[in-house]
Amino acid sequence: MSSIIIDTSASRGVTGLLKFLLESGKIDAALTMRNDPENNTYDFGLITDASNLDEAVPLIPVMTVNAGQVLSSISISRKKIAAVLKPCELRAFVELVKREKGSLENLLTISYTCGGVFPLDTVITGQIKELLPKYRKTILNGEIPVNTRDTCRACEHFIPMNADITVSVIGECEPGVGCVMHLNTERAVEFTEGFGGERSDRKFDPSTLKKTLDARLAEKEKLFASVTKDGPGLDRLLDTFGKCVGCHGCSSVCPICYCLLCDFESANFDYNLPYFEEHLSRKGALRLPPDTIFFHLGRLTHMSFSCVGCGMCSDVCPVDIPVAAMFKKTGEKTAALFDYLPGRDVEESIPVMVYKEEEFPDIG
Amino acid sequence: MKKEFTPRITSFLCKWCSYTGADLAGTARLQYPTSIIPIQVMCSSRVDPVFLIKAFLSGSDGVLIGGCHPGDCHYETGNYHARRRFAIVKGVFDSLGLESQRLKLSWISASEGPKFARVANEYTEEIMALGENPTRKSIFL
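What you see is a predicted model, and the numbers here were worked out from it, not measured in a lab.

Draft legend 1. Geometry of the overall build of chain B. Across its full length, chain B carries four helices and four strands. Starting at the N terminus and ending at the C terminus, chain B contains elements arranged as β-α-β-α-β-α-β-α. Its C-alpha atoms give chain B a radius of gyration of 15 Å, within 12% of the compact-globule value 14 Å for 141 residues. Overall, chain B is about 40 × 35 × 20 Å in size when its C-alpha atoms are taken along their principal axes. When the accessible surface of chain B is totalled, it reaches about 6,200 Å², and 53% of it is carbon and sulfur. Chain B carries 17 positive and 13 negative side-chain charges, and their two centres are separated by 4 Å.

As structure tokens, this is what we get:
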């Protein structure tokens, strides 16, 4: 497949493409990150009028919400939408499509080699303004920028899977080359027809990002070691999740936790007097709110194999539980049982939906 | 005198196979320990992973799932799904360093009364060797 090289920054190149797509009527709407310079806030915008693209910052390293979750509710419409997604957001969306919570049919997915995102804290405090210039320099060198989310620093899937268009942002995109867009699918070629820029047969070469990959893998090892505690399992569990206040924020921002009625928010967990009496008669004391550790264990078994490691959960946790690191670590184990990688292929079934007649000879 | 530890093993038994197998063990007057606390389910795949976790955190010393042999499920494929879910729960337990030996899945058909008694005996012994589940005493779970 071919690529397009535009003599501008990657961010302006993508905005230009969205503008072209909207103005030429090839798409009905564009989904991109926006920056409101007055309030210095970032958010996702679904834009139909190209003049509103002036505030677009499609490649900003901020994730206010996982776009996979946002897209899930709008992609089912028949309108054509171009969406700029981070690689993990695209993977999360693919996981949702598998669960019939979205459709790739009318979607043009634009993704990019991702340098990781800053925690929402940095946006709230305005610290991000100082961090951004340094961030760009660092990712061009293939290094890991400081202050980004811990799971981003430890993420080895920074190259988009299944994107129609891949924009080079880290490593390969050297200053001076400009914005390089790789067209991976027929759809991408069709949509970009008539769009300016220089056509080239330059291919995306993942091996150029080896330095980033090695750095990320080293970080991953460190991250997993940091959440691995010594001592008996139960103590470790209390150590990690004991601080939980039961707000369920981690599950509400999780793109994979899609259930309209979560079991943990259903009537099964309406605590009443008989529950308290029964529990107290056995143990003589009860932690309130109850079942916070149960909640995390339940979520781990329900969806950890589909965890894309976006880090939203840790970011919103009010008591700083390393939820994302725990899920990423456990998720890799549970996914490995089925040789599964979340978001790799939309045709690949979710492990719990399929089975093999001969497997797990040790069980049963 | 020290009171002997009697484990409590919450057992989810499929109505069509394992529960009937347990019945057969009873009518055949086979001895098996009282540690087994049976709960009848329509299929081993009815057992949501959270059932296992709830039983574990509530102080069950062991949790047993009994289902039809692979290929014999009354609903054709239920036990294959149960096996996958069980593998996931075990994976999570291992990853967190929890005692996954306290979870067991066993295929026991309706005609296998002796097997039911054997599994009940063996598993009880295994759990007795492990000792009481620390979650029984832990208040703040």
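Draft legend 2. Representation of the overall build of chain A in the model. Scanning chain A for helices and strands turns up 14 helices and eight strands. Relative to a compact globule of 364 residues, whose C-alpha radius of gyration would be 21 Å, chain A shows 22 Å and is just as compact. Of all 364 residues assigned to chain A, the portion counted as buried reaches 55%. Of all intrachain contacts in chain A linking residues separated by at least 6 positions in sequence, the fraction that spans at least 24 positions is 73%. Within the structure as shown, chain A displays about 16,300 Å² of accessible surface, and the carbon and sulfur contribution to it stands at 52%.

Draft legend 3. Quick peek at the interface of chain A and chain B. Between chain A and chain B, the contact holds 42 residues from the first and 33 residues from the second. When the two sides are added together, the surface that chain A and chain B hide from each other amounts to roughly 3,600 Å², 68% of it contributed by carbon and sulfur. Summed over the three residues of chain A that lose the most area to chain B, namely Leu234, Lys283 and Ile363 of chain A, the buried surface amounts to 18% of that side. Across the chain A-chain B interface, the total number found is two salt bridges. Asp291 of chain A is the salt-bridge partner of Lys54 of chain B, the closest N and O atoms lying 3.3 Å from each other.

Draft legend 4. Seen up close, the packing of helix α8 (residues 210-226) of chain A against helix α14 (residues 323-336) of chain A. All names here are of chain A. Where α8 meets α14, the closest approach of the two axes is 10 Å, and the angle between their N-to-C directions is 105°. Viewed along their axes, α8 and α14 adopt a mutual orientation that is roughly perpendicular. Here Lys220, Leu223 and Phe224 of α8 lie close against α14, whose contacting residues are Ala325, Lys328, Lys329 and Glu332. The residue inventory of the contact of α8 with α14, partitioned by class, reads three nonpolar, no polar and four charged.

Draft legend 5. Focus on the pattern of salt bridges. All names here are of chain A. As enumerated under the stated definition, the model contains 23 salt bridges over all chains in all. In this structure, Lys211 and Glu143 form a salt bridge, with 3.7 Å as the shortest nitrogen-oxygen distance. Highlighted residues: Lys211 in helix α8 and Glu143 in the loop between α5 (128-140) and α6 (150-153), separated in sequence by 68 residues. On the accessibility criterion, Glu143 (38% relative accessible area) is partly exposed. Glu219 is the salt-bridge partner of Lys222, the closest N and O atoms lying 3.4 Å from each other. On the criterion of helical spacing, the pair formed by Lys222 and Glu219 is a turn pair, its members being three residues apart in helix α8. Residue Lys222 is classed as exposed on the basis of its relative accessible area, which comes to 54%. On the basis of relative accessible area, Glu219 is assigned to the buried category, the value being 18%.

Draft legend 6. Region of interest: the environment of Leu21 of chain A. Residues and elements named next belong to chain A. If you trace the backbone, Leu21 turns up in helix α1 (residues 10-23). The spacing of Leu21 and Val308 is 287 residues in sequence and 29 Å in space, taken between C-alpha atoms. In this view, Leu21 contacts Lys26, Ile27, Ala82, Leu108 and Phe191; residues no more than four positions away in its chain are not counted.

Draft legend 7. Main features of the sheet that holds strand β3 (residues 62-67) of chain B. All names here are of chain B. Judged by pairing direction, the sheet is parallel, and its four strands sit side by side in the order β2-β1-β3-β4 without closing on themselves. In this open sheet, the two edge strands, each paired with only one partner strand, are β2 (36-41) and β4 (103-107). When the angles between neighbouring strand axes are averaged without regard to direction, this sheet yields 20°. Alignment of strand β1 (residues 9-14) against β2, held across six bridges, turns out to be parallel. Pairing of Cys14 across the sheet is with Val41, part of β2.

Basis of the calculations
Residues numbered from 1 in each chain as written. Chains lettered and ligands numbered in written order. Predicted model: local features only at pLDDT ≥ 70, side-chain atom pairs only at ≥ 80, totals over all residues. Heavy atoms only, no water. Helix = DSSP H or I, 4+ residues; strand = E, 2+ residues; numbered from the N terminus. Rg over C-alpha atoms; globule rule 2.2 N^0.38 Å. Areas by Shrake-Rupley, 256 points an atom, 1.4 Å probe, with all protein chains shown as cover. Lys, Arg positive; Asp, Glu negative; His and termini not counted. Charge placed at Lys NZ, Arg CZ, Asp CG, Glu CD. Buried < 20%, exposed > 50% of the residue type's maximum accessible area, 1.4 Å probe, protein only. Contact = heavy atoms within 4.5 Å. Buried area = accessible area lost by both parts, 1.4 Å probe. Salt bridge = Lys/Arg side-chain N within 4 Å of Asp/Glu carboxyl O. Axes fitted to C-alpha atoms, helices over the stretch in contact; angles between N-to-C directions. Parallel < 35°, antiparallel > 145°, perpendicular 65-115°, else oblique. Nonpolar A, V, L, I, M, F, W, Y, C, P; charged D, E, K, R; others polar. Pairing = 2+ DSSP bridges.

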